[in-house]
Every structure is written in structure tokens, then in C-alpha cells.
Amino acid sequence: MSTHPTTDGGGTQDQDVAVVVESVVKHFGEVEALRGFSADIRYGRLTGLVGPDGAGKTTLMRIMTGLLVPNGGRVTLAGFDVVEDNDAIHIASGYMPQRFGLYEDLSVMENMRLYAQLRGMDADQNTDIFRSLLDFTRLGPFTTRLAGKLSGGMKQKLGLACALMAKPRVLLLDEPSVGVDPVSRQDLWRMVQALTDDGMAVVWSTAYLDEAERCESVLLLNEGKLEFDGPPQELTDRIKQRSFRLTGVSDERRAVLSQALDLGTVGDGVIQGDAVRVVLRADAGRAEIGALADEVGAILEPVQPRFEDAFIDLLGGGPGGTSALAERMHAVELDSDIAVSCRDLTKCFGDFTATDKVSFEVQKGEIFGLLGPNGAGKSTTFKMLCGLLKPTEGEAHVVGHDLRRATGAAKSQLGYMAQKFSLYGLLSVRQNLEFSAGVYGLEGASKSQRIDEMIETFELQQYLSTSPDSLPLGYKQRLALACALMHRPPVLFLDEPTSGVDPITRREFWTHINGLVRKGVTVMVTTHFMDEAEYCDRVAMMYRARLIALDTPDALKRVSRSDAHPDPTMEDAFIHLVESADLDDEARANAKVAA
Amino acid sequence: MNSETLEIRAGAAPGERASHNFDGRRLIALVRKESLQAIRDPSTILIAFVLPVVLLFLFAYAVSLDVREVRIGVVLESDGVTAQSLAAAFAGTRYLKVTPARDRREVADQVVSGKLRGFVVIPQDFERRLASQLPQPLVQVITDGSQPNTANFVSNYAQGVVQTWGAGRSAGVPTAAIQLEPRFWFNAELESRRALVPGAIAIVMTIIGTMLTALVVAREWERGTMEAVLSTPASVLEILIGKLLPYFALGMIATLGSAALAVFVFDVPLRGSLLALLTLSAVFLIPALGQGLLISALTKNQFLASQIALFSGFLPSFLLSGFLFEIDAMPVPIQTITFLIPARYFVSSLQTVFLAGDVWSVFLPNLAAMAAIGVFFFAIAKRKTLKNLES
């Protein structure tokens with residue numbers, strides 16, 4: 001068998017084509033993961049495999065790397081058929097699975113040597129390759145550190161180094177940016193850029209739509225279908241002159257968004273700091289939105305379309321702006337204007353400080369965001385505030401109740417929605433609702449009335465006897481929200497509420513949250529979607545257990561404005577803040593040395 | 001195409017050598033990785049070295065199948081001298097601890113509450129019965145049937161005491177022409193420790209072979225490292241052997257350690273050769289590792305793997321291998337099942353090699369049976385572990 005595919009293995013193919021996907025079909029039992037589409041991936045290019053969770057990205061990745069066999073159609077990589085020439089695929093491709101595929105008990109060097117040897121490279125004869133990979137990934141100083149002790153960003157770089165052993169011609173990265181802070185993500189873009197400049201084909205799968213804009217070419221997947229194939233610009237060009245920003249509405253922005261979304265001509269809308277951003281439907285004209293702008297005294301200005309705008313448009317637009325849930329909620333009355341507060345909140349696990357003297361106050365009816373890279377301490381802070389962890393030092397209050405002394409009273413005043421929804425898969429939807437009503441002490445008539453209300457509001461009737469596991473994602477989220485709100489808490493805690501959720505479901509979720517906030521509910525939220533931070537009134541940025549910034553999204557963005565970034569995004573702001581925090585630390589360390 | 005691209009394409013060249021089905025260097029790399037992981041993971045050390053020591057001590061000291069000082073009551077309803085001398089005979093044995101009583105109701109309550117394991121009634125008309133020529137029972141023995149083994153022992157032993165006492169009364173007069181003098185071979189003192197400790201080695205090996213292997217393979221699936229390794233040119237055979245060799249070595253080291261403990265600490269003689277012991281252990285590891293591998297190939301989840309290993313590996317080895325419970329005493333259907341348990345062959349071989357010596361006529365069929373079960377497990381495990389993620 002020849003291993004030189006480009007001359008005789010692939011036959012009719014174009015020299016530039018790295019991967020050919022021909023009407024590929026894959027199903028797992030009843031579930032159709034890939035529904036038959038074709039696409040080409042080229043050398044010397046960064047190709048984004050973009051789509052929400054469950055779109056089929058990982059399935060396609062695994063087929064390309066020979067780990068899954070398609071049920072129909074054909075895939076070739078570097079001219080080799082992924083099924084028939086399986087062995088050759090493993091040589092021609094480098095694959096970094098989710099979570100990077102590293103052995104945590106092995107050191108950086110041992111991981112690299114292992115993958116080098118598995119890919120048929122003699123580590124001792126290839127010291128120059130090792131050195132260049134270590135330089136490239138800047139892991140040189142950490143060769144003896146165990147992989148389990150590396151930060152998310154460093155793990156990702158090590159995973160990349162391992163996948164790059166023996167110089168693959170096609171590099172497949174499955175969600176490389178999950179669990180990695182924006183600064184490390186920036187580094188990864190730089191490295192991938194260098195690789196594609198050398199002629200390698202790099203496939204980068206991601207659920208973050210903003211990442212798609214940085215790819216040279218994009219395969220946009222949704223529910224196993226290919227929705228778009230081409231440069232991202234081409235997709236955003238389709239909705240040219242349909243994106244607008246309404247500014248000057250800061251106090252009323254949630255009401256304005258809600259009104260805008262209820263207009264027939266508006267397909268999609270989000271809050272962006274103090275402004276509202278809307279996308280009009282195709283051929284809609286700006287008359288209606290213009291009228292609304294005049295009515296509320298806002299300034300309407302056209303803005304650059306984003307990839308996410310185009311994606312939502314492609315799927316037929318987002319949900320409307322009225323939350324049936326919020327309509328039913330009574331306005332929240334509190335004795336004080338401060339809903340949540342903490343002072344010098346500190347949590348140590350052994351000699352590791354997870355949260356270091358964090359203080360802030362959250363006003364009633366505010367959306368307060370906690371942002372930060374993994375391991376920055378945001379989850380720890382969050383858990384102390386909802387009474388799940390005992391602070392080592394400092395104090396925290398929820399609606400006036402001291403969390404150290406009156407944990408029970410404080411807990412009854414808050415609703416908590418944990419990551420991944422935390423519903424009981426073995427109970428039916430109705431039983432889940434009954435359980436959460438019972439656990440919050442609702443009884444008798446008020447209990448059944450409240451449950452019926454939730455069922456009606458969230459349209460759960462048709463699913464009452466099914467298991468939450470088999471619900472569509474959007475309904476799962478509704479159910480989780482219903483459970484957290486059963487006792488009508490004045491404060492709602494949301495821990496990464498929209499991770500793993502498609503953009504349309506996310507919008508529906510924020511419609512509810514915006515509605516609740518307008519009724520006076522206070523919302524505390526952690527998120528790693530930077531653009532979601534825009535929904536918050538104020539954002540607390542955490543880094544290395546400390547609070548490095550606390551301000552409105554717009555103010556944070558303003559600080560990071562520079563010539564290079566005249567209109568910075570939340571992500572730019574984040575990178576800027578983290579880098580200046582690092583510089584401060586360095587300066588302090590140097591000062592200490594000098595003294 | 002520019003020149004860099006060509007250079008990268010040429011980069012596939014070192015891979016060409018690697019596309020053989022089996023490559024020694026890849027295997028060495030995998031074995032090295034696995035060994036480093038095993039050494040650095042505290043739970044491996046715990047399972048491989050601490051657990052065996054604890055188990056051996058438990059079986060050597062805490063668990064005893066020997067019956068000593070069983071508490072019984074002796075109800076003396078007769079005031080006669082002969083009756084009293086029989087009661088004294090009961091009190092005098094070292095296997096029974098006697099609570100004397102005059103009324104059977106006193107002791108009956110204590111049997112119900114579990115304080116006594118049974119009682120012997122020496123009836124009022126004991127002397128008359130003794131003198132009578134008619135074959136009628138002399139004493140009545142009541143035992144606690146909720147503990148059948150002890151109950152059996154009490155009733156047999158009580159009969160023995162009565163007979164010995166009877167023989168002693170007619171001392172000088174030979175009561176029987178033939179005298180029985182029992183000899184227990186292999187374990188002259190009939191100490192259960194000597195049979196239990198070799199059996200416990202089989203349990204330890206099952207834990208290391210089956211449980212540890214099932215866990216470490218499942219862990220690779222859980223952590224996503226299996227996916228990364230499968231995407232390299234390494235073949236399934238290399239991955240499996242690379243996984244097994246270190247645990248095979250670990251199992252052998254644990255065997256040697258356990259044998260040393262048995263001989264030097266627990267005074268269990270090793271009458272056979274070390275070579276025989278190691279051969280037996282090595283062959284037993286084939287089904288043990290094969291089973292572990294099969295479990296992990298089927299579950300890919302550490303929790304499930306450990307549960308299945310417990311129920312399909314550890315418990316059968318414990319209950320059905322003849323280690324604690326004699327196979328001959330089991331009902332026939334259960335006896336048939338024991339033939340499928342590799343530990344059955346290993347336990348009997350171990351007891352032979354420790355207590356009897358190198359009896360190859362016992363070892364050879366056992367070795368053949370263990371190897372056959374092992375090959376069976378491996379064949380399925382190999383079929384179930386594909387070079388991809390389909391399942």
C-alpha cells in the first residue's frame with residue numbers, strides 16, 4: 001500500500017484539499033448525529049467547525065480521525081479513506097480530544113515522550129523537534145511538572161504539543177478553548193496561525209460563535225446539518241445593514257429590548273452594556289424599530305453584523321421579548337436596597353486560597369455577573385453566597401440574613417440553579433416540580449396552585465410524565481428555572497446557566513431573566529460567555545482568587561480601549577484586565593526584590 | 001503549493017515505519033507510561049500492597065474456622081454420682097465452656113438470647129437409663145440451629161464426650177478390639193489459618209488482577225486519554241498488552257510479598273517449591289487480568305467497573321472457590337458453577353503447594369483450566385475493544 005496519497009492514493013482530488021466529506025451520515029441508535037452533507041477542508045487554512053452543543057461537531061471530528069465509522073457516505077483525510085486506511089489516518093492526522101487527552105500523573109516531558117513514541121518518533125533523536133515544540137508552546141520551564149498540576153491554558157498547550165508530534169498534515173482540535181481563559185486562548189490562536197502559515201490544515205471545533213469570526217473558513221453545523229460552508233464574512237454579509245444599536249436607553253434597556261423583540265420586523269436582539277442591539281428580519285425595513293427608538297428617545301445607529309447575528313437569522317430568528325413567567329411574578333418588595341452583600345469574604349482549602357478578601361454589594365433588581373477563568377475562584381465565591389460553603393473569614397448577607405448564622409433563613413430567600421440544570425432524571429417532570437415545591441416548604445393548596453402555574457407558564461403540559469433527560473434542551477432549562485423559582489425567591493443565583501445551550505435557547509432564557517429583573521428580582525450569575533456579561537448591570541472580574549475589577553460592562557470595556565482595539569469587546573476587556581493584574585503582581589514582586 | 005507545505009508532507013515519513021501492526025517501541029512506551037502511573041497513583045499502591053497485608057492479617061488472626069470454647073449449658077437434673085461425673089467430663093474439655101444449671105428453663109432462655117450455643121440435659125433417670133440394657137438415649141442435646149456449623153459441632157462433640165466418659169468408666173476393660181487413632185495429614189494441628197492464608201493469596205490476586213485492571217482501563221475512558229491514544233498509530237494489541245504487563249508484574253510482586261508474609265509471619269509452611277507457586281500465580285493472572293479487561297471494555301466507567309469487578313470477581317472468589325466454604329458441601333447446581341470460577345483452581349493448588357508440596361498431578365489440570373478460562377476472557381475482551389469509539 002502506498003503511503004503517498006497525493007499522487008496516487010486519492011485519485012481525482014484537488015491538491016489543496018486535506019479532508020473530503022461526502023454525504024456523511026452517522027446515527028447512534030435513534031439519534032441522528034450527522035444527516036448527510038458534503039464539505040471540503042483545505043490545507044494552509046484554519047477551518048472552524050462551529051455549532052451549538054449537540055450539533056454533531058465531535059461526531060464529525062471523530063469520524064475524520066478514524067475513531068468512528070460513518071453509517072453512510074465517505075470521508076477521506078490526506079487522501080486516505082478513514083475506514084479503509086485507518087492506520088494511515090492516525091499517522092497523517094494529529095488529534096486533540098476534548099479535555100486534551102493528557103495523563104495527569106505524567107509530567108509534561110513524559111506526556112510528550114509518550115505521544116512521540118506512539119507516533120513512531122524516537123524522542124532521543126528528535127531533541128530539536130522537542131525543543132521547538134517547547135519553545136512554541138512556551139512550556140520549556142515546566143517540563144518536569146505533572147500535567148495534572150498545570151493550569152487549563154497550559155494543559156491545552158501541552159495537548160497541542162502532543163498532537164503535533166511527528167508533524168501531522170491535518171490537525172484536529174476538538175473544542176480547544178473550553179475551560180481555557182481568554183488570555184491562553186489568544187496564545188492558541190497565535191500558534192494555530194503559525195501552523196496554517198506552514199501549510200497545515202487545522203480544524204478547530206467550537207460552540208463559541210464569536211470564535212467563528214476568526215477562522216478563515218467555517219463549517220456551521222446545526223442538528224447534524226451543514227447550515228453554511230465558507231468564509232465567515234460571507235455569512236455576515238448576508239445580513240448587511242440589518243444590525244442596529246439603540247443607545248441612550250440605559251435605564252430602560254430591558255424594557256426596550258422586550259418591546260423591540262415583540263416587533264414583527266425584529267428577528268433578534270440582545271443587551272450590550274448600556275445599549276440594545278437588534279437584528280432586523282430580511283427585507284423588513286427599519287420603520288418599526290425607528291418608531292420605537294423615537295418613542296423611547298433612543299438613538300438608532302447601524303453597526304457591523306456579527307457571526308452570531310447571522311447564525312440566529314439563518315435559524316429563523318430568536319424568541320419574542322415577553323416572558324410569560326415574569327408576567328405572573330409579583331413585584332418583589334425588600335426592606336433594604338441591598339439584596340446581597342459580602343465583606344472580606346475569604347475561603348481557604350488547606351493552604352490554598354480560593355477566594356481572597358472579596359467585597360461587594362448587589363442592589364435590589366440588579367443583574368450581577370461574576371466572571372473569570374476556570375480556577376479564579378468565582379464558583380467558590382458563588383457557593384459561599386448561596387450558603388453551600390462556609391467562609392473561612394469575612395461575612396456575607398442575603399436579603400439581610402447573615403449567611404454564617406442564619407443559613408436556613410438566607411437560603412429560603414434565594415433560588416439556585418446549578419450547572420447542567422441538576423434535575424432528577426429518574427423522576428418525571430411533574431415529580432421534579434413537586435419535589436422542589438416540597439423542599440422549599442410549600443404545602444397543600446398553595447403548593448398545587450404554584451405547580452400548576454409553573455406548568456402553564458412554561459408550557460410543560462405535554463411533558464409532565466416524561467423524564468427531564470429526554471426533554472429538548474430548551475424545556476430542560478425551563479424546568480430548571482421553574483424549580484428554582486417555585487418559592488418566588490427575591491434573589492436568584494445562576495451558576496453557568498447557559499453553558500452547553502444553543503444561542504436561541506440562551507436568548508429565551510435571558511428574556512425570562514430580563515423579565516424577572518424588571519419585577520425586582522435580583523440575579524447573581526456566573527458565566528464564561530463573555531458576550532453574556534453584557535446583560536449584567538455590573539460585572540465583577542475575578543482572577544487568582546481576587547476581585548480585579550468591578551464595574552458596568554461599558555466602563556470595563558472603556559478602560560481597555562486602545563488604538564489596536566478602538567471598539568473593544570468584553571473579551572478584549574477581560575484580557576486587558578488580566579494582563580494588567582499580572583503586570584501589577586510582577587511590579588510588586590520586583591519591588592519586593594529591590595527592597 | 002509552497003515549500004513549507006512540502007516539508008510538512010515529508011514529515012509523514014517517520015510515520016511510515018510505524019504503521020506495522022505491532023511495534024516494540026510503542027509497546028515499551030505504553031508500558032513505561034502505565035508503570036509510572038501505577039507508581040504515582042496512591043490508590044494503586046493501596047490496593048496492591050496495603051490491602052493484601054490487611055486481608056492476610058484478617059484471615060490469619062481474626063477469621064478462624066476452628067471451634068474453641070463454645071459456650072454450652074449442662075443441665076444436671078440427677079443428683080447421682082455418675083451423673084455428676086459426666087457433668088464434670090463436659091466441664092473438663094477445652095473445646096467447651098460450660099454453664100452449669102439445675103433447670104433446663106434457665107439455659108433455654110440463654111440459648112434464645114444467643115448467650116449459649118446449646119445445652120445438654122442429663123435427665124433425672126440417668127442412672128436407671130445407664131443401667132438399662134435397652135438402647136435408649138442417655139442424654140439430650142439441644143443446639144442453636146441458626147448457626148448450623150456450631151450446632152453440628154456441639155452435637156457431635158457432646159456425643160464424643162459421653163462416649164469417652166463411658167469408655168473411661170469401664171477403664172481396664174477393653175471395650176473395643178480396634179482402637180481408632182485419627183491422624184490429620186497436611187495440617188496436623190487442624191489450624192484453619194494454614195488453609196486460609198494460602199486461600200487469601202488467591203483473593204489478593206483477584207483484587208489486583210481483576211479490580212485494578214478494570215479500574216485503570218475504565219479510568220482512561222473516563223478521562224478521555226483512551227481517545228487520544230486510539231488516535232495515534234498504536235494498535236489495540238499494543239494498548240492492551242501495554243496495560244496488562246505492569247499489572248501482571250504488580251500481581252507477581254504482591255504474590256511474593258504475600259507468600260513471604262505467610263511463611264515468615266503466619267508460620268504457614270511452604271512445602272512445595274517457589275517455582276511451582278510462581279507458575280501457578282502467573283497462570284492464574286491470565287483469567288484474572290482477562291476478566292478485568294473484559295469488564296472495563298464493556299463498561300468504560302470506573303464506578304460500574306468496580307461494582308462489576310466486585311460481584312463477578314471478588315465475591316465468587318471469596319464464596320465459591322472453596323477458600324472459606326468447602327465446595328463438596330455445596331448443593332450440586334452451585335458446585336457446577338464453581339467450575340467456572342478460576343479462583344477455585346487456584347485456591348486448591350495454593351493449598352496443595354503450601355501444605356502438601358509439588359503435586360503436579362493436581363497442578364496440571366488446574367493450570368489447564370485457569371488458562372482456558374483466561375483465553376476465553378481475552379478472546380472476548382479483544383473482540384469488544386475496537387480501534388475506535390464505536391460500541
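Cut-offs used in this document
Residues numbered from 1 in each chain as written. Chains lettered and ligands numbered in written order. Predicted model: local features only at pLDDT ≥ 70, side-chain atom pairs only at ≥ 80, totals over all residues. Helix = DSSP H or I, 4+ residues; strand = E, 2+ residues; numbered from the N terminus. Contact = placed C-beta atoms within 7 Å. Buried ≥ 20, exposed ≤ 12 C-beta atoms within 10 Å, placed from the backbone. Pairing = 2+ DSSP bridges. Axes fitted to C-alpha atoms, helices over the stretch in contact; angles between N-to-C directions. Core = buried A, V, L, I, M, F, W, Y, C linked by C-beta atoms within 7 Å. Domains from an automatic or database assignment. pLDDT = per-residue confidence, 0-100. Parallel < 35°, antiparallel > 145°, perpendicular 65-115°, else oblique. Left-handed = near helix turned anticlockwise from the far one by under 90°. Nonpolar A, V, L, I, M, F, W, Y, C, P; charged D, E, K, R; others polar. Expected span 1.5 Å × (residues − 1). Arc of directions from axis to C-beta.

Counting secondary structure elements, chain B contains 16 helices and four strands. Summarising the internal contacts of chain B: among those between residues at least 6 apart in sequence, 80% fall at separations of at least 24.

Okay, the overall build of chain A next. Looking only at helices and strands, one finds 21 helices and 24 strands in chain A. Residues counted as buried form 53% of the 595 residues belonging to chain A. Looking at chain A alone, contacts between residues at least 24 apart form 71% of all its contacts between residues at least 6 apart.

Now for the sheet that holds strand 22 (residues 522–526) of chain A. Residue and element names in this part refer to chain A. Overall, mixed pairing links the six strands, which are arranged 20-21-22-17-23-24 in an open sheet. Whereas interior strands pair on both sides, the edge strands pair on one side only; in this sheet they are strand 20 (414–417) and strand 24 (546–551). Pairs of neighbouring strands in the sheet enclose a mean axial angle of 15°, with direction left out of account. Where strand 17 (residues 367–371) lies against strand 23 (residues 538–543), four bridges are found, and the strand directions are parallel. In the strand pairing of strand 23, Leu370 is matched with Ala540.

A separate point is the nonpolar core. Val19(A), Leu77(A), Leu158(A), Val202(A), Val523(A) and Met524(A) are the most contacted members of the largest nonpolar core, which totals 188 residues. Here this core gets seven residues from one element, more than from any other, and that element is helix 18 (residues 473–485) of chain A. Grouped together as the second largest cluster of nonpolar side chains are 61 residues, Met205(B), Val283(B), Phe346(B) and Ala381(B) included.

With that settled, the discussion passes to the domain arrangement of chain A. Residues and elements named next belong to chain A. Split into domains, chain A comes out as domain 1 (5–235), domain 2 (239–322) and domain 3 (419–489). Averaged C-alpha coordinates put domain 1 and domain 2 at centres separated by 37 Å. Counting residues at the interface gives ten residues for domain 1, matched by six residues for domain 2. At the level of elements, helix 8 (209–212), strand 9 (217–222), strand 10 (225–230) and helix 9 (232–238) are the ones that each hand at least two residues to the side of domain 1 that touches domain 2. The biggest single contributor to the side of domain 1 that touches domain 2 is helix 8, with three residues.

What follows deals with the pairing of strand 10 of chain A. With five bridges connecting them, strand 9 of chain A and strand 10 of chain A associate as antiparallel partners. In the sheet register, Leu219(A) faces strand 10 of chain A, and the bridge partner there is Asp229(A).

With that settled, the discussion passes to the confidence of the model for chain A. Scored by pLDDT, chain A has a mean of 85; 97% of the residues are at 70 or more. Low confidence marks residues 1–12 of chain A, where pLDDT is under 50. Its contacts with residues over four positions away, or in another chain, come to 16 contacts.

Residue and element names in this part refer to chain B. Running from amino to carboxyl end, helix 4 (residues 42–62) crosses helix 11 (residues 236–264) at an angle of 30°, the nearest separation of the two axes being 10 Å. When the axis of helix 4 is compared with that of helix 11, the two are roughly parallel. The hand of the helix 4/helix 11 crossing is right-handed. Contacts between helix 4 and helix 11 involve Ala48, Phe49, Pro52, Val53 and Leu56 from the former and Leu250, Ala254, Gly257, Ser258, Leu261 and Ala262 from the latter. Among the residues forming the contact of helix 4 with helix 11, the class breakdown is nine nonpolar, two polar and no charged.

One widely used convention gives an interface's size as the accessible area the parts lose upon coming together. Assigned domains of chain B: these are domain 1 (24–62 + 191–384) and domain 2 (70–169). Computed over C-alpha atoms, the centres of domain 1 of chain B and domain 2 of chain B are 47 Å apart.

The next subject is the confidence of the model for chain B. The predicted structure's coordinates, where accompanied by low pLDDT, should not be read in detail. All names here are of chain B. Of all residues in chain B, 85% have pLDDT values of 70 or greater, and the mean over the chain is 81. Across chain B, helix 12 (residues 274–299) holds the top mean pLDDT of 91, while helix 1 (residues 3–10) sits lowest at 34. Under a pLDDT of 50 for its full length, residues 172–177 has, in the predicted model, two contacts with residues more than four places off or in other chains. For this predicted complex, the interface confidence comes out at an ipTM of 0.73, alongside a pTM of 0.76.

Take unusual backbone geometry next. All names here are of chain A. Even without a glycine there, the phi angle at Glu175 is positive, about 45°. Here Glu175 is to be found in the loop between strand 7 (170–174) and helix 7 (182–197). Looking at Glu175, the number of C-beta atoms within 10 Å reads 21, which means it is buried. Positive phi, close to 75°, is recorded for Ala545, a residue that is not glycine. Within the secondary structure layout, Ala545 lies in the loop between strand 23 and strand 24.

Let us now look at the environment of Thr59(A). Residue and element names in this part refer to chain A. Its place among the elements puts Thr59 in helix 2 (residues 57–64). A count of 23 C-beta atoms within 10 Å places Thr59 in the buried class. As a C-alpha pair, Thr59 and Leu171 span 112 residues in sequence and 16 Å in three-dimensional space. Once you skip the residues sitting within four places of it in the chain, Thr59 turns out to touch Lys26, Ala33, Leu34 and Leu68.

Attention shifts here to the sheet that holds strand 4 (residues 72–77) of chain A. Residue and element names in this part refer to chain A. Taken in spatial order, the four strands make up an open sheet running 2-1-4-5, and their pairing is antiparallel. The sheet terminates laterally at strand 2 (31–42) and strand 5 (80–81), the two strands that pair on one side only. Where strand 1 (residues 17–28) lies against strand 2, nine bridges are found, and the strand directions are antiparallel. Following the sheet pairing, Lys26 is matched in strand 2 by Leu34.

Where a strand is regular, its side chains alternate between the two sheet faces. Residues and elements named next belong to chain A. Side chains Ser93 and Tyr95 of strand 6 (residues 93–96) all project onto a buried face; the interleaved residues Gly94 and Met96 project onto the opposite face, where all are buried too. The pairing of strand 6 with strand 7 spans four bridges and is classified as parallel. By the bridge assignment, Met96 is partnered in strand 7 with Leu173.

Attention now moves to helix 3 (residues 24–40) of chain B. All names here are of chain B. Over its 17 residues, helix 3 runs 24 Å from end to end, which matches the ideal 24 Å to within 8%, given 1.5 Å per residue. Among all positions in helix 3, only Arg26, Ala29, Leu30, Lys33, Glu34 and Gln37 are buried. Seen along its axis, helix 3 keeps its buried residues to an arc of 130°; they face one direction.

Residues and elements named next belong to chain A. Within the secondary structure, Arg328 is located in helix 13 (residues 324–328). The class of Arg328 is partly exposed, set by 15 C-beta atoms lying within 10 Å. Sequence spacing of Arg328 and Glu453 is 125 residues, and the spatial spacing of their C-alpha atoms is 8.4 Å. Contact partners of Arg328, with chain neighbours within four places excluded, come to Glu453 and Thr457.

Right, let's get into the packing of helix 16 (residues 429–439) of chain A against helix 17 (residues 444–457) of chain A. The description of two packed helices rests on the angle between their axes and on the distance between the axes. Residues and elements named next belong to chain A. Where helix 16 contacts helix 17, the two axes come as close as 10 Å, and the packing angle between them is 135°. When the axes of helix 16 and helix 17 are compared, the pair comes out oblique. The handedness of the crossing between helix 16 and helix 17 is right-handed. Contacts between helix 16 and helix 17 involve Leu433, Glu434 and Ala437 on the former and, on the latter, Lys447, Arg450, Ile451 and Met454. Per-class residue counts for the contact of helix 16 with helix 17 are four nonpolar, no polar and three charged.

Now for the environment of Trp510(A). All names here are of chain A. For Trp510, the position within the fold is in helix 19 (residues 503–518). Given 24 C-beta atoms within 10 Å, Trp510 falls into the buried group. It is 39 Å that separates the C-alpha atoms of Trp510 and Val69, two residues lying 441 residues apart in sequence.

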